[in-house]
Protein chains: 2
Amino acid sequence: MTCQYMATIGSSLLRSSITIRALSPFNPLIRPTSIRQFQSTFQLPLHQCARRAMSRVRATHDEEAAARASATEADSGAPTIFDKIISKEIPSNIVYEDEKVLAFRDINPQAPVHVLVIPKLRDGLTELGKAEPRHEDILGHLLYASKIVAEKEGIVDGFRVVINSGASACQSVYHLHLHVLGGRQMKWPPG
Amino acid sequence: MTCQYMATIGSSLLRSSITIRALSPFNPLIRPTSIRQFQSTFQLPLHQCARRAMSRVRATHDEEAAARASATEADSGAPTIFDKIISKEIPSNIVYEDEKVLAFRDINPQAPVHVLVIPKLRDGLTELGKAEPRHEDILGHLLYASKIVAEKEGIVDGFRVVINSGASACQSVYHLHLHVLGGRQMKWPPG
């Protein structure tokens with residue numbers, strides 16, 4: 001993904017709900033928190049990204065609101081940005097992958113290590129609250145994969161796994177995903 | 001469990017590491033945060049519990065330290081308080097139970113709904129970081145049980161599941177447990 005690509009979709013959809021969701025701080029791919037991070041992410045000269053990056057910062061400061069905005073699509077079954085990450089149409093920083101799951105870094109990390117683990121096949125698991133008994137196999141594999149991720153990242157001695165289900169839990173992408181966080185002392189309560 | 005029972009174990013072990021862990025704010029059974037809560041929990045006259053309850057508040061304010069203290073027993077494989085909850089030797093407020101898992105309310109809730117979901121058989125799962133492929137079945141069932149708990153508690157439209165693995169994630173009982181939280185707007189970052 002390039003800044004130009006971002007500018008194209010951004011200008012055409014600037015005030016649409018789709019854009020709000022795409023720019024959400026919970027969108028694990030495109031939510032830079034500063035100009036430098038934006039520039040680093042999209043690897044373009046700083047001046048090309050500065051204005052857009054700053055507007056994103058302003059647009060995405062209310063994370064709870066962003067989650068609420070995306071909740072309108074929770075039950076639509078519509079594709080999410082994760083589909084494009086799984087297909088590699090959109091690049092991501094992959095930490096672990098097998099035939100069932102993909103783990104990649106959150107672009108707006110909340111800890112030195114912050115990785116998302118998702119099922120490659122959503123299969124109705126827009127959120128954990130939609131889980132059925134038939135999903136137990138993939139749910140177990142996702143948790144085990146989280147442990148593998150922690151090992152690979154050198155944090156297996158201390159890490160937190162978080163699953164947000166629904167808007168009031170701050171979920172904004174309706175494709176089940178596990179947050180694996182570590183590399184610092186985690187606090188209590190957990191948000 | 002009664003206040004008298006608590007006083008007995010408290011007086012004999014007041015400065016031991018066992019007591020520190022037992023009084024930890026992460027101990028889901030015996031960590032009241034106020035005199036009233038203590039009195040309500042153990043259903044005894046207020047004056048019998050006041051002094052002890054206040055000392056517990058002071059003793060348990062540093063939750064990170066409590067988790068570090070209990071980490072010394074992380075790899076011991078020693079029984080935990082959860083064994084007595086599972087055996088019903090220590091009563092708990094059970095929300096859901098089946099042949100594999102038990103779900104009961106955290107006595108120091110961090111949200112209007114705060115339930116712990118644990119495997120009845122620990123089977124080496126002192127923490128998620130110890131998970132092996134053979135654990136995938138129970139891990140999947142624990143996550144599915146979390147969804148059942150959310151349904152039973154009326155929060156299936158919005159809940160967060162948190163797993164702390166290791167001291168830096170604030171784990172203090174070394175028997176895998178999932179926190180299911182909801183009933184309020186959850187915040188970000190998750191601790």
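Because the structure is predicted, anything quoted here is derived from the model rather than measured. Each chain has its residues counted from 1, following the order in which its sequence is written. Key to labels: chains lettered from A, ligands numbered from 1, both in the order written. A pLDDT threshold of at least 70 governs which residues receive local features in this predicted model, and a stricter bar of 80 or more applies before side-chain atom pairs are shown or counted, although totals over entire chains, interfaces and linings include all residues. In computing side-chain values, all of the structure's heavy atoms are included and hydrogens and water are not.

### Here we look at the environment of A:His175
Residue and element names in this part refer to chain A.
Part 1 of the argument: Secondary-structure assignment places His175 in the loop between strand S4 (159-165) and strand S5 (178-182).
Part 2 of the argument: Put simply, His175 and Phe159 are 16 residues apart on the chain and 22 Å apart in space, counted from C-alpha to C-alpha.
Part 3 of the argument: His175 has contacts with Thr80, Phe82, Ile86, Ile118, Pro119, Lys120, Arg122, Leu125 and Thr126, leaving out every residue within four places of it along the chain.
Part 4 of the argument: Engagement of the side chain of His175 in a polar contact is seen with the backbone oxygen of Pro119, the distance being 2.7 Å. Put simply, DSSP marks the helices as runs of H or I at least four residues long and the strands as runs of E at least two long, and each gets a number from the N terminus on. In what follows, a contact means two residues having at least one pair of non-hydrogen atoms within 4.5 Å. Polar contact is the term for a pair of N or O atoms within 3.5 Å; when the atoms are in protein, one must be able to donate a hydrogen and the other to accept it, and sequence-neighboring residues count only if both atoms are side-chain atoms.

### Structural notes on the sheet that holds strand S1 (residues 94-97) of chain B
Part 1 of the argument: Spatially, 10 strands are ordered S1(A)-S2(A)-S3(A)-S5(A)-S4(A)-S4(B)-S5(B)-S3(B)-S2(B)-S1(B) in an open sheet, and the strand pairing comes out antiparallel. At either end of the open sheet lies a strand with only one pairing partner, and these are strand S1 (94-97) of chain A together with S1 of chain B. On average, each strand axis in the sheet is inclined to that of its neighbour by 20°, with strand direction left out of account.
Part 2 of the argument: For two strands to count as paired, DSSP must find a minimum of two bridges between them. Sheet topology note: the strand S4 (residues 159-165) of chain B/strand S5 (residues 178-182) of chain B ladder contains 4 bridges and is antiparallel. If you follow B:Val161 over to S5(B), its bridge partner there is B:Val180. Angles here are taken between N-to-C directions and fall from 0 to 180 degrees, while the axes themselves are lines fitted to C-alpha atoms, restricted in helices to the stretch in contact.

### Looking at the relation of the copies chain A and chain B
Part 1 of the argument: In screw terms, the move from chain A to chain B is a rotation of 180° and a rise of 0.0 Å along the axis, fitting with an RMSD of 0.0 Å. The symmetry that links the two subunits is that of a two-fold axis. Rotation axis and chain A: the residue whose C-alpha lies nearest the axis is A:Gly140, separated from it by 1.8 Å.
Part 2 of the argument: Of all interface residues in chain A, 100% are interface residues in chain B too; the two copies therefore contact each other through one and the same surface. Least squares is the method for superposing the copies, and the C-alpha atoms it fits come from residues with pLDDT of at least 70 in both.

### Comments concerning the pairing of S5(B)
Residue and element names in this part refer to chain B.
Part 1 of the argument: For every residue, the accessible area (1.4 Å probe, protein chains only) is compared with the maximum for its type, and the residue is labelled buried under 20%, exposed over 50%, or partly exposed between those bounds. Of all 5 residues in S5, 5 are buried, a share of seventy percent or more.
Part 2 of the argument: Examined bridge by bridge, strand S3 (residues 113-119) and S5 share 5 bridges and lie antiparallel to one another. Looking across to S5, one finds that Val113 is bridged to Gly182.

### Remarks on the packing of aromatic side chains
All names here are of chain A.
Part 1 of the argument: The pairing test for Phe, Tyr and Trp rings, Trp by its six-membered ring, is centres within 6.5 Å, and the orientation test on the planes gives stacked under 30 degrees, edge-to-face over 60, and tilted for anything in between. Counted under the stated rule, the structure contains 2 aromatic pairs over all chains.
Part 2 of the argument: Each ring, one from Phe82 and one from Phe104, has its centre 5.8 Å from the other, and the planes form 75°; the classification is edge-to-face. Of this pair, Phe82 sits in helix H6 (residues 81-86) while Phe104 is found in strand S2 (residues 101-105), placing the two residues 22 residues apart along the sequence.

### Quick word on unusual backbone geometry
Part 1 of the argument: Omega for the peptide link from A:Trp188 to A:Pro189 comes to 5°, which places this bond in the cis form.
Part 2 of the argument: Of note, A:Asp123 is a non-glycine position whose phi angle comes to about 50°, a positive value.
Part 3 of the argument: Residue placement: A:Asp123 occurs in the loop between strand S3 (113-119) and helix H7 (136-152).
Part 4 of the argument: Assessed through its relative accessible area of 35%, A:Asp123 is described here as partly exposed.
Part 5 of the argument: The backbone of B:Cys170 shows a phi angle near 80°, a positive value even though the residue is not glycine.

### What about the UniProt feature "active site" (unreviewed entry) in chain A?
All names here are of chain A.
Part 1 of the argument: UniProt positions are given in the numbering used here, feature names are shortened, and annotations may be inferred rather than shown by experiment. When the UniProt feature table is mapped onto this chain, "active site" (unreviewed entry) is found at His177.
Part 2 of the argument: Overall, the relative accessible area of 6% leaves His177 in the buried class.
Part 3 of the argument: Filtering out sequence-adjacent residues up to four positions away, His177 remains in contact with Phe82, Leu116, Val117, Ile118, Val162, Ile163 and Gln171.
Part 4 of the argument: Within the local environment of His177, its side chain forms a polar contact with the backbone oxygen of His175, the two atoms lying 2.8 Å apart.

### Describing the interface of chain A and chain B
For interface size, the figure often reported is the accessible area lost on association.
Part 1 of the argument: Contacts between the two partners involve 44 residues from chain A, matched on the other side by 45 residues from chain B.
Part 2 of the argument: Both faces considered, chain A and chain B share a buried interface measuring about 4,200 Å² in area, 57% of it formed by carbon and sulfur atoms.
Part 3 of the argument: The largest contributions to the chain A side of the interface with chain B come from A:Leu143, A:Trp188 and A:Gly191, which together make up 17% of the buried area.
Part 4 of the argument: Each reported salt bridge corresponds to a side-chain nitrogen of Lys or Arg within 4 Å of a carboxyl oxygen of Asp or Glu. On the surface where chain A and chain B come into contact, there are 0 salt bridges.
Part 5 of the argument: For the interface between chain A and chain B, the tally reads 20 residue pairs in polar contact (both at pLDDT 80 or more).
Part 6 of the argument: Broken down by secondary-structure element, the contributors of at least two residues to the side of chain A that touches chain B are helix H5 (63-70), H7, S4 and S5 of chain A.
Part 7 of the argument: Bridge count for S4(A) against S4(B) is 7 bridges, and the pairing is antiparallel. Of the residues in S4(B), the one forming a bridge with A:Phe159 is B:Ser165. Here the quantity called buried area is the total loss of accessible area, with a 1.4 Å probe, experienced by two parts when brought into contact, counted for both.

### Description of the pattern of salt bridges
Residues and elements named next belong to chain A.
Part 1 of the argument: Under the definition given, this model contains 14 salt bridges over all chains.
Part 2 of the argument: Note that Glu151 and Lys147 form a salt bridge whose closest N and O atoms lie 3.1 Å from each other. In this pair, Glu151 and Lys147 are both assigned in helix H7, 4 residues apart and thus about one turn of the helix distant.
Part 3 of the argument: Judged by its relative accessible area of 43%, Glu151 is partly exposed.
Part 4 of the argument: Through salt bridges with shared partners, a single ionic network connects Lys88, Glu97 and Lys120.

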